[in-house]
Amino acid sequence: LVQPERMDNFLDTVILTLFGDAFSPREEFLILGLYKLAISQEMSQMKSVGDLLSVDSVVPKMIITYNRRKQGHQFLKQVIAPILDTVINQADLNLELNPVTIYHTMISDIEIQTGTKSNLNRNMKEDEILEQPDVKRILGQRIEKCTAICEAFFRDVLANVGRLPY
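The structure contained in this document is the topic of the report that follows. (Residues numbered from 1 in each chain as written. Predicted model: local features only at pLDDT ≥ 70, side-chain atom pairs only at ≥ 80, totals over all residues. Heavy atoms only, no water.)

Attention shifts here to the overall build of the protein chain. Assigned secondary structure in the protein chain consists of eight helices and zero strands. Listed by position from the N terminus, the elements making up the protein chain come as α-α-α-α-α-α-α-α. Residue burial in the protein chain is summarised as follows: out of 166 residues, 27% are buried. Carbon and sulfur atoms make up 58% of the accessible area of the protein chain, which amounts to about 11600 Å² in all. (Helix = DSSP H or I, 4+ residues; strand = E, 2+ residues; numbered from the N terminus. Buried < 20%, exposed > 50% of the residue type's maximum accessible area, 1.4 Å probe, protein only. Areas by Shrake-Rupley, 256 points an atom, 1.4 Å probe, with all protein chains shown as cover.)

Written out as structure tokens, the structure is:
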């Protein structure tokens, strides 16, 4: 296996050397098959949704390398850019899902609003924090937002599969 610190160089070598130009539909098909296999392998190793967010995944690195190629630029600009713009332009969007961070931010917000030190326990454990109604509510809202963004992303990508450059 490739060590994580050498992964970017490895991906550059493999993807850009083997599939850099990919002018034939067959080569493009093969690189997309490689991505499909990589995503399947990574998803089979995930034990929870949190793993997807916290694991140092090779798939995003593969996609970044893919973006350096000429063929993928137009597709990404036309399909993925609008989704990303929608997310980026939501100034108040907060997708933090770590309950401890949510709880501490909640305490800070209360202190800023009231101008006094909060009486909430700052030393609670994660399982205790997860039982707090406000944390549950905030976490639920953010999970719904993340889900909506992911669904929009997948819906748009799947709706435009026919425009892929292979």
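Now that the structure has been shown, the text picks up again.
Summarising the element assignment, Glu-111 is placed in helix 6 (residues 99–114). Sequence-distant contacts of Glu-111, defined by excluding residues within four places in its chain, comprise Thr-116, Lys-117, Ser-118 and Arg-122. (Contact = heavy atoms within 4.5 Å.)

On to the packing of helix 6 against helix 8 (residues 133–159), then. The geometry of helix 6 relative to helix 8 is characterised by a closest axis approach of 10 Å and an angle of 115° between their N-to-C directions. Between helix 6 and helix 8 lies a crossing of right-handed hand. Residue-level inspection shows Pro-99, Ile-102, Tyr-103 and Met-106 of helix 6 in contact with helix 8, the latter providing Asp-134, Val-135, Ile-138, Leu-139 and Arg-142. The residue makeup of the contact of helix 6 with helix 8, split by class, is seven nonpolar, no polar and two charged. (Axes fitted to C-alpha atoms, helices over the stretch in contact; angles between N-to-C directions. Left-handed = near helix turned anticlockwise from the far one by under 90°. Nonpolar A, V, L, I, M, F, W, Y, C, P; charged D, E, K, R; others polar.)

Next up on the list: the nonpolar core. The biggest cluster of nonpolar side chains holds nine residues, and these are Ile-102, Tyr-103, Met-106, Ile-107, Met-124, Ile-129, Val-135, Ile-138 and Leu-139. Among the secondary structure elements, those contributing two or more residues to this core are helix 6 and helix 8. The element that contributes the greatest number of residues to this core is helix 6, accounting for four residues. Filtering out sequence-adjacent residues up to four positions away, Tyr-103 remains in contact with Leu-120, Asn-121, Met-124, Ile-129, Gln-132 and Val-135. Among the nonpolar cores identified, the runner-up in size contains eight residues, and Met-7, Leu-11, Ile-31 and Ala-38 belong to it. (Core = buried A, V, L, I, M, F, W, Y, C linked by side-chain atoms within 4.5 Å.)

A grouping of Phe-154, Leu-158 and Val-161 is seen on the molecular surface, where their side chains present a nonpolar patch of about 310 Å² in accessible area. Its place among the elements puts Phe-154 in helix 8. (Patch = residues over 30% accessible without salt bridge, like charges linked within 9 Å, V, L, I, M, F, W, Y side chains within 5 Å. Salt bridge = Lys/Arg side-chain N within 4 Å of Asp/Glu carboxyl O.)

As enumerated under the stated definition, the model contains one aromatic pair in all. Ring centres of Phe-153 and Phe-154 lie 5.6 Å apart, and the angle between their planes is 75°; this geometry places the pair in the edge-to-face category. (Phe/Tyr/Trp six-rings, centres within 6.5 Å; stacked < 30°, edge-to-face > 60°.)

What follows deals with the pattern of salt bridges. Taken as a whole and assessed by the stated rule, the structure comprises three salt bridges. For Arg-122, the salt bridge identified is with Glu-111, shortest N-O distance 2.1 Å. Highlighted residues: Arg-122 in the loop between helix 6 and helix 7 (126–129) and Glu-111 in helix 6, separated in sequence by eleven residues. Look at Arg-122 and you get partly exposed, because its relative accessible area is 30%. With its nearest N and O atoms 3.8 Å apart, the salt bridge here joins Glu-131 to Lys-136. The partly exposed category is assigned to Lys-136, whose relative accessible area is 45%.

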